[in-house]
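# A look at the structure
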Amino acid sequence: MKQIINIARSIIYFLSGLAVRNTNIQVFGAWLGERVSDNSMYYLKYLISLNENEFKEFVWIGKLKVKDDVKKQFGDRVTFEQIGSMRSYYYLLRAKYIYVTHGFWDFGKVNLTKGAYVVQFWHGFPIKKIVEDINSKKNIEGQQYFEHYSMFLASSNIMEYRMKSAFKSFGIANERVIREGEPRNQILVTDGFSSKKEKILHELNINPSKKIVAYLPTFRDSTKRIFSFLNIDKHLKKILHDNNIVILEKQHFVNRVKNNEERDGLNVVESIDEHIDTQDILLIADVLITDFSSVFADYLLLDRPIIHFLFDGDSYVKNDREIYSSKINQEFAGVTCSEVNELVENIIIAVNNDHFYEEQRRKINKLMNEYSTEKICENINYQIKKIANDVKP
């Protein structure tokens, strides 16, 4: 049955190549339609800011639940269309430029993008193995005829190498690589940090005098086990409280904590809603705690302390997802720990010492953000135009 469905998808994909496409129509999507965020959102904001795009039609396709988010982010400048609607199909067939963070799956189960320039922004630096590189019998990535991209973003030479491996059957080639930082990181490299931080703290109702520690873990493929600061011992929370620390915890949307209210009255842990943008959290955080999530690659641009907390030890690598590096901590940008007591000790050190593992994180920053400049979106816009002028979709 799956084979029949995939044959049908391939036929539909190739037929979509007959559509007459309009360079003034551009379509955006992200996170399988679940969110209005990430590279697609930030690049769209940049395009809207350009006078040359005054008469272009921008469309965001996603699940119905993100309709209000589209309105909030873009007002009436961007049209929202629901995944699977006839109008979403119309725009996918008419748009000349299409942008994704995961793949055509950002727009549903049918790919109607043949003949368009489809920009694969991806959604994170590949620390974990991705797409075709995932070693699993169930992995069929790259075996379908109906998935192809015109351009691929890489923030460094090593990311480019891994993207070429992971997307080797999806159309990647030297002349199709956009070499620049991630659009979502424009906010992290632009001046005006103080005013932005003040605004975000006000929106989150956080006292500006607090030391802010962000906890942003990745999701687990094969286990439901998660760690949450909400569940640590009260005496450890008391230590954090006495050091004027607040933990901003945002679990991966796949692994949300069901009981996300702190019940001991210390007000040390704030469980952050999915609608709060991750880049805003990074911007205000004095320290970042994560595990194998590539969110730390973004945070490196701020040159602040990072802690890698592996609460499940090496079981993630053994049971969930392999990583590209031969050694677990070879590409980590800070201290690594696996016990909660040790974690709290390192938090206290990090919030009081900006130079904590400074040499290591600067070394890794060069590795992961080699191509990143202060004009990320501007340079991406230029490269997209150049590539479109040099190669066919």
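Each value, and the rule that gives it
Residues numbered from 1 in each chain as written. Predicted model: local features only at pLDDT ≥ 70, side-chain atom pairs only at ≥ 80, totals over all residues. Heavy atoms only, no water. Helix = DSSP H or I, 4+ residues; strand = E, 2+ residues; numbered from the N terminus. Rg over C-alpha atoms; globule rule 2.2 N^0.38 Å. Buried < 20%, exposed > 50% of the residue type's maximum accessible area, 1.4 Å probe, protein only. Contact = heavy atoms within 4.5 Å. Patch = residues over 30% accessible without salt bridge, like charges linked within 9 Å, V, L, I, M, F, W, Y side chains within 5 Å. Areas by Shrake-Rupley, 256 points an atom, 1.4 Å probe, with all protein chains shown as cover. Salt bridge = Lys/Arg side-chain N within 4 Å of Asp/Glu carboxyl O. 1 Å grid on protein atoms, 1.4 Å probe; cavity = no way out; pocket = protein on both sides within 12 Å on 5 of 7 lines; lining within 4 Å. Points joined across faces, edges and corners; volume = space filled by probe spheres on them. Axes fitted to C-alpha atoms, helices over the stretch in contact; angles between N-to-C directions. Parallel < 35°, antiparallel > 145°, perpendicular 65-115°, else oblique. Nonpolar A, V, L, I, M, F, W, Y, C, P; charged D, E, K, R; others polar. Core = buried A, V, L, I, M, F, W, Y, C linked by side-chain atoms within 4.5 Å. Pairing = 2+ DSSP bridges. Phe/Tyr/Trp six-rings, centres within 6.5 Å; stacked < 30°, edge-to-face > 60°. Lys NZ or Arg CZ within 6 Å of the ring centre and 35° of its normal.

As a further point, take the overall build of the protein chain. The helix and strand inventory of the protein chain stands at 14 helices and 13 strands. On C-alpha atoms alone, the protein chain measures out to a radius of gyration of 21 Å, which is about the 21 Å that the 2.2 N^0.38 rule sets for 393 residues. Taking the principal axes of the C-alpha coordinates as reference, the protein chain spans close to 65 × 45 × 40 Å. Residue burial in the protein chain is summarised as follows: out of 393 residues, 54% are buried. Counting contacts in the protein chain only where the partners sit at least 6 residues apart, residues at least 24 apart contribute 73% of the total.

The next thing to look at is a nonpolar patch on the surface. A cluster of nonpolar side chains, contributed by Ile-7, Ile-11, Leu-15 and Leu-18, occupies part of the molecular surface with about 430 Å² of accessible area. Looking at the secondary structure, you find Leu-18 in the loop between helix 1 (2-16) and strand 1 (22-28). Given a relative accessible area of 68%, Leu-18 falls into the exposed group.

One way to see where empty space is left: roll a probe the size of a water molecule over the atoms. Taken as a whole and judged by the stated rule, the model has 2 cavities of 30 Å³ or more. As for the largest cavity, its lining consists of Ile-127, Phe-296, Ile-323, Tyr-324, Ser-325, Ile-328, Glu-331 and Phe-332.

Viewed as axis vectors pointing N to C, helix 2 (residues 38-49) and helix 14 (residues 376-390) meet at an angle of 85°, and their least axial separation amounts to 10 Å. With respect to their mutual orientation, helix 2 and helix 14 come out roughly perpendicular. From helix 2, Tyr-42, Tyr-43, Tyr-46 and Leu-47 reach across to helix 14, where they touch Cys-377, Glu-378, Ile-380, Asn-381 and Ile-384. A class-by-class count of the residues in the contact of helix 2 with helix 14 yields 7 nonpolar, 1 polar and 1 charged.

Now for the pattern of salt bridges. Considering all chains together, one arrives at 18 salt bridges under this definition. A salt bridge links Arg-362 to Asp-303; the nearest nitrogen and oxygen atoms lie 2.6 Å apart. Of the two residues, Arg-362 sits in helix 13 (residues 358-368) while Asp-303 sits in the loop between helix 10 (295-299) and strand 12 (306-309), which places them 59 residues apart along the sequence. Taking the relative accessible area as the measure of exposure, Arg-362 reaches 41% and is therefore partly exposed. On the accessibility criterion, Asp-303 (27% relative accessible area) is partly exposed.

With that out of the way, let us pick up the nonpolar core. Residues Tyr-43, Trp-60 and Phe-167 are the most contacted members of the largest nonpolar core, which totals 92 residues. Among residues more than four places away in sequence, those in contact with Tyr-43 are Phe-28, Tyr-99, Phe-121, Pro-183, Cys-377, Ile-380, Asn-381 and Ile-384. Counting 26 residues, the second largest nonpolar core, distinct from the first, contains Phe-227, Val-268, Phe-311 and Leu-343.

Residue position: Ile-5 is located in helix 1. Its relative accessible area of 37% is what places Ile-5 among the partly exposed residues. Spatially, the C-alpha atom of Ile-5 lies 34 Å from that of Glu-182, the residues being 177 residues apart in sequence.

This next bit is on unusual backbone geometry. Both trends apply: most residues other than glycine have a negative phi, and most peptide bonds are in trans. For Asn-205, which is not glycine, the phi dihedral falls at a positive 60°. Using a relative accessible area of 68% as the deciding quantity, one classes Asn-205 as exposed.

With that settled, the discussion passes to the sheet that holds strand 9 (residues 245-249). A sheet is described by the order of its strands in space; here 6 strands give the open sequence 10-9-8-11-12-13, paired in parallel fashion. What marks the edges here is a single partner per strand, and that holds for strand 10 (269-271) and strand 13 (335-337). Within the sheet, the average angular offset between the axes of one strand and its neighbour, ignoring direction, is 20°. Here 5 bridges tie strand 8 (residues 211-215) to strand 9, and the two strands are oriented parallel to one another. Directly across from Ala-214, in strand 9, lies its bridge partner Leu-248.

All right, on to the packing of aromatic side chains then. A ring pair, where both rings are aromatic, is described by two values, the distance of the centres and the angle of the planes. Under the definition given, this model contains 26 aromatic pairs. Centroid distance Tyr-99 to Phe-121: 5.8 Å. Interplanar angle 15°. Geometry classified as stacked. In this pair, Tyr-99 is assigned in strand 4 (residues 95-100) and Phe-121 in the loop between strand 5 (117-120) and strand 6 (151-154), connecting sequence segments 22 residues apart. Of the two residues examined, Tyr-99 and Phe-121, each falls in the buried class. Lying across the ring of Trp-31, Arg-35 places its NZ or CZ 4.2 Å from the centre.

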